Structure formats: structure tokens, C-alpha cells
Amino acid sequence: MVETKKVLFIGPSGTGKSTIKNVFFEMVCPLKLLKNTLDPTRGINSSIYSFFELDLGVFDLAGQENEDWFSKDSDIFIIR
Ligand SMILES: Nc1nc2c(ncn2[C@@H]2O[C@H](COP(=O)(O)OP(=O)(O)OP(=O)(O)O)[C@@H](O)[C@H]2O)c(=O)[nH]1
Ligand SMILES: [Mg+2]
């Protein structure tokens, strides 16, 4: 049976959330990301990765919208 899990990257803007996602899940070179920085995330950038018996949902949230994640958009924390 395939298990499903969810990981959220949430925190202040410009602290490296999208960089971590790109390095660990997309295998992008960290040095390349220090040179060519990513644009600030808007809204949610979500992907699903399958590892053997695991489907992992990874949600990279915009730091500039942190107030919304803890108020009107807090359903992001619900595991469906
Ligand atoms: N020196 C250093 N810089 C980093 C590191 N991780 C990320 N950065 C830099 O920090 C900046 C912001 O990185 P992002 O990954 O876009 O930050 P974020 O948390 O996704 O920001 P938002 O999308 O605005 O929420 C970029 O210029 C990165 O190159 C790190 O470990 N060390
Ligand atoms: Mg980002």
C-alpha cells in the first residue's frame, strides 16, 4: 500500500525555503542557486515525489504571504 505524507516549507521571505526544495528534491546544484537566485515564491509551489511506497507532497509557501497561511489560508495544514 502506498503511504502519503505532506511536507510544508514555511517561514520568512528570503530564508532559503525554495532553495532547499530545489537542492534536495530537484537535485539543483546549490552553488548554481547561490549565483542565480530564484524569484520570490508567490502563493504555493507544490509537487509530488514518489519514493517506493511513499507519495510525498512538498509545499513551498511564499514568505511574503505568511499572514495568510496562519489565518484565511490555514487549510494548507490539513492532511487530505
Ligand atoms: N548564503 C546563503 N544564502 C542562501 C542559502 N539558502 C538560500 N540562500 C539565498 O537566499 C536567497 C533567498 O532564497 P529563497 O530560497 O528564494 O528564499 P525563500 O525562503 O524561498 O523566499 P520566499 O520565496 O520569498 O519565501 C537567495 O538569494 C538564495 O540564493 C544558504 O544556505 N546560504
Ligand atoms: Mg521561495
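The present account deals with the structure reproduced in this document.

Parameters and conventions
- Residues numbered from 1 in each chain as written.
- Chains lettered and ligands numbered in written order.
- Predicted model: local features only at pLDDT ≥ 70, side-chain atom pairs only at ≥ 80, totals over all residues.
- Heavy atoms only, no water.
- Donors = N, O, S within 2.8 Å, 3.2 Å for Na, K, Ca; no water.
- Helix = DSSP H or I, 4+ residues; strand = E, 2+ residues; numbered from the N terminus.
- Buried < 20%, exposed > 50% of the residue type's maximum accessible area, 1.4 Å probe, protein only.
- Near = heavy atom within 4 Å.
- Polar contact = N/O pair within 3.5 Å; in protein donor to acceptor, adjacent residues only side chain to side chain.
- Areas by Shrake-Rupley, 256 points an atom, 1.4 Å probe, with all protein chains shown as cover.

Turning our attention to the coordination of the magnesium ion (ligand 2). Coordination of the magnesium ion (ligand 2) by the protein is provided by Ser18 (OG) and Thr41 (OG1), with metal-donor distances spanning 2.0 to 2.1 Å. One end of the pair, Ser18, is in helix H1 (residues 17-25); the other, Thr41, is in the loop between helix H2 (30-35) and strand E2 (44-51), with 23 residues separating them in the sequence. An identical accessibility class is assigned to Ser18 and Thr41; each is buried.

Inspection of the region around ligand 1 gives 16 residues, with Ser13, Lys17, Thr19, Thr41 and Gly63 positioned closest. Measuring from an oxygen atom of ligand 1, one finds a side-chain N or O atom of Lys17 at 2.7 Å. For ligand 1, whose free accessible area comes to 650 Å², the fraction covered by protein is 67%. If you list the elements that add at least two residues to the shell around ligand 1, you get H1 and H2.

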